[in-house]
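Chains, contacts and geometry: an overview
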Amino acid sequence: MALVTACGGGGNSTVPASQNKSVTKALTSFSIVTPNAQGIINEASKLITVSITESVDVKKLVAQFSTTGVSVKIGEITQITGTTINDFSRPVNYTVVAEDGSTETYRVEVIVLAKSSKKSITTFSFPDYQTSAVIDESKKIISATLPANANLTSLKTRFETNGIDVNVNGVKQVSDVSLNDFSGPVSYKVTAEDGTSQLYIVLISRVVLSPAKEISSFSIPSLGVSGTIDNDMSTISVLVPANTDVSQLTPKFVATGVVVSVNNVPQQSEKNIQNFTKELKYVVTAEDGSSRTYTVSVSGPSSITLQSDAGDYIGGGRSYAYDKSNTLLSISANGASLSVKVNGDEYWDANLVLPNTFTKFVEGTYTGFVRYPFNSSSIGGFTWYGEGRGCNNSTTNVVIKNVRYIGNDLSYIDLKFDQYCENGTSSLHGAIVYNKFDSTKIKGPVNPIPDNLWKPAQTKIPATGNYVFLQSDVGDYIGGGREYIYQGATDRIQIIDGSSIRVITGGWDASFMRMNSLPQLTVGYYPDLKRYPFHNPAKGGLNWSGNGRGCNQLTGWFAVDKVKYVNNALNELELRFEQHCEGWSAALRGKIYWSAQNASSPQIKALTMREELELAKTRAMLIRPVSKK
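This report concerns the structure included in the present document. (Residues numbered from 1 in each chain as written. Predicted model: local features only at pLDDT ≥ 70, side-chain atom pairs only at ≥ 80, totals over all residues. Heavy atoms only, no water.)

Turning to the pattern of salt bridges, a few remarks are in order. Any two side chains of opposite charge can pair if their charged atoms end up close together. On inspection of all chains with the given rule, the structure shows 21 salt bridges. With its nearest N and O atoms 3.9 Å apart, the salt bridge here joins Asp128 to Lys156. A residue pair is termed long-range when its members are at least 10 positions apart, and Asp128 in the loop between β12 (121-126) and β13 (131-132) and Lys156 in strand β16 (residues 155-156) qualify at 28 residues. By relative accessible area, Lys156 is classed as partly exposed at 24%. One salt bridge connects Arg318 with Glu346, and the closest N-O pair in it is separated by 3.8 Å. Taken together, the residues span a long stretch of sequence, with Arg318 in the loop between β31 (303-308) and β32 (319-323) and Glu346 in the loop between β34 (337-343) and β35 (347-353) at a distance of 28 residues. A single network of salt bridges, built from pairs that share partners, joins Arg318, Glu346 and Lys530. (Salt bridge = Lys/Arg side-chain N within 4 Å of Asp/Glu carboxyl O. Helix = DSSP H or I, 4+ residues; strand = E, 2+ residues; numbered from the N terminus. Buried < 20%, exposed > 50% of the residue type's maximum accessible area, 1.4 Å probe, protein only.)

Quick look at the structure:
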């Protein structure tokens, strides 16, 4: 043992020379250069295994290694990494020499494996479109659908394979690099380590863009109303309540297109606020780029209002209001002419025609119209008349505020007029609104029946059988202030079930007319009635007359407590009514109970229309002269 002695610091020490040299002697990496094969080092057993799959001469292999020692030897031959050739046909011992001269031996075994026959494409995609293909391994077909705007003639692919080579028409393919034309089928050839190969057929299609561009629903949730969509005419009509402010509404809609826009501004359902005082064009664009324009109209119901100045002969200084819930309104257009009929509490007719330079209605102000039909065609004409009153000569100014058409058909008009009779200064002011899509129905009778309506005392009416009970106030012209009772057992009570229910007994002839919206009389309260047959058909009418007495004008109500039909024939009726003549407070009230089971004679057949008219004439003869009371 060599000793190194050093002096100084007042002391002596002796250290072996070998203690200053490294003892490390490991192989930290090991591989075969050609073919490139990485070794697996088991440090515990000092065994290095290298698996080679290619057919090579294992007697002439070059190893590449790294070590912590100062040299590596096989036997006495020093090994140079990446240079020295050795025979690995059998295990080879590599001796690693440390700096201190100590050694470690590693056993290296080169294993020649059979070549792989794997030759599959395991993943395939188009990174530029972030689209993965579907691989049908059984059929060796790879398919994908790309966006409609994809350029199929130059597509880059990303793929993984367990083979050693992929080519298309002899051109080696590099994932994420190679470009190919996929406008037709493309064959990918995959070669395995063992030299075998197989083909994959790649089929690419583009998305077929939908031409769908329909609005399938349109509504205004804040108003609880939905639009009527006419896909043939590409129109949407939304009926809103009268006097609704339509300048700031948020519609809800469902569309099949990819974008809906108004004035080139994309729209979102229940997001965008719109001003519907005029028609709006909603453009729906489909996936394929085609578009469809819907004309959206939001408007109120049909209505007519009249305000008559003091001194105006036609309106009598009164106000009137009509809509389809309480009046039969008929408004029709033909070119630039408009015809109006009101059949309600009053009867009116009107006609408007623009100058012959117009073929349809146009928004604007028109002045100096003379009485229709005596107007010059170049000037235009207007007339409003009814209730037995009309102008001999008239001048009218008309303002058409809003007008809309679907094709050539008038769908909406909002106009105002001021009519002056006989060159006077008093005017009949009117407003006409027509909405083709106004589906307002006439209101039915009130049900349940109000409790505060007149009922006869139970002691006044029979407990059984058919009967008619009348109670007349003092001052009532028809009943003369008396009470009457007619019973089926002793009196003839006839019921005629026609367009109205007609009651005949004791010299009386009465009619109770249902609302024209009802096919038959139904249970309920029928208020605000006038004399039949000059009543408002939207409300119904009544008339109790006879024994030489009848009303010129009357107001009243009736309430149907019970009604039953068998095979569309009246079978049972329980009805109360109240009638006032000529606006007097004195009333005639009555109650009727009739059942076919109790009737001594069958009900009379329904009257024909001609018979109804004859009945009206007969009743007119009963009318007494009007006197105020």
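What follows covers the sheet that holds strand β10 (residues 92-97). Taken together, 9 strands build an open sheet; the order of strands is β8-β7-β10-β11-β5-β4-β3-β6-β9 and the sheet is mixed. Lying at the two open borders of the sheet, with one neighbouring strand each, are β8 (77-78) and β9 (85-86). When strand β6 (residues 61-67) meets β9, the two strands line up antiparallel, connected through 2 bridges. Among the inter-strand pairings, Leu61 is bridged to a residue of β9, identified as Asn86. (Pairing = 2+ DSSP bridges.)

Okay, the state of the cysteines next. In the structure shown here, the tally under the stated rule is 2 disulfides. A sulfur-sulfur separation of 1.6 Å characterises the disulfide bridge that pairs Cys391 with Cys421. Placement of the pair is Cys391 in the loop between β37 (381-386) and β38 (394-406) and Cys421 in strand β39 (residues 409-421), with a sequence separation of 30 residues. Cys391 sits in the buried class, given a relative accessible area of 6%. Between the sulfur atoms of Cys551 and its disulfide mate Cys581 the distance is 1.6 Å. Around the S-S axis, the bridge from Cys551 to Cys581 shows a dihedral of about -45° and counts as left-handed. (Disulfide = S-S within 2.5 Å.)

With that out of the way, let us pick up the sheet that holds β32. Read from one edge to the other, the open sheet built from 10 strands follows the order β32-β31-β40-β39-β38-β36-β37-β35-β34-β33, with strand pairing classed as mixed. Unpaired on one side and paired on the other, β32 and β33 (328-334) mark the two borders of the sheet. In this sheet, adjacent strand axes meet at a mean angle of 15° when their direction is disregarded. Pairing between β31 and β32: 5 bridges, direction antiparallel. Looking across to β32, one finds that Ile304 is bridged to Tyr322. (Axes fitted to C-alpha atoms, helices over the stretch in contact; angles between N-to-C directions.)

Moving on to the environment of Ser175. Secondary-structure assignment places Ser175 in the loop between β19 (171-172) and β20 (179-180). Separated by 77 residues in sequence, Ser175 and Ala98 have C-alpha atoms that sit 46 Å apart. Beyond its immediate chain neighbours, meaning those up to four positions away, Ser175 contacts Thr157, Arg158 and Phe159. (Contact = heavy atoms within 4.5 Å.)

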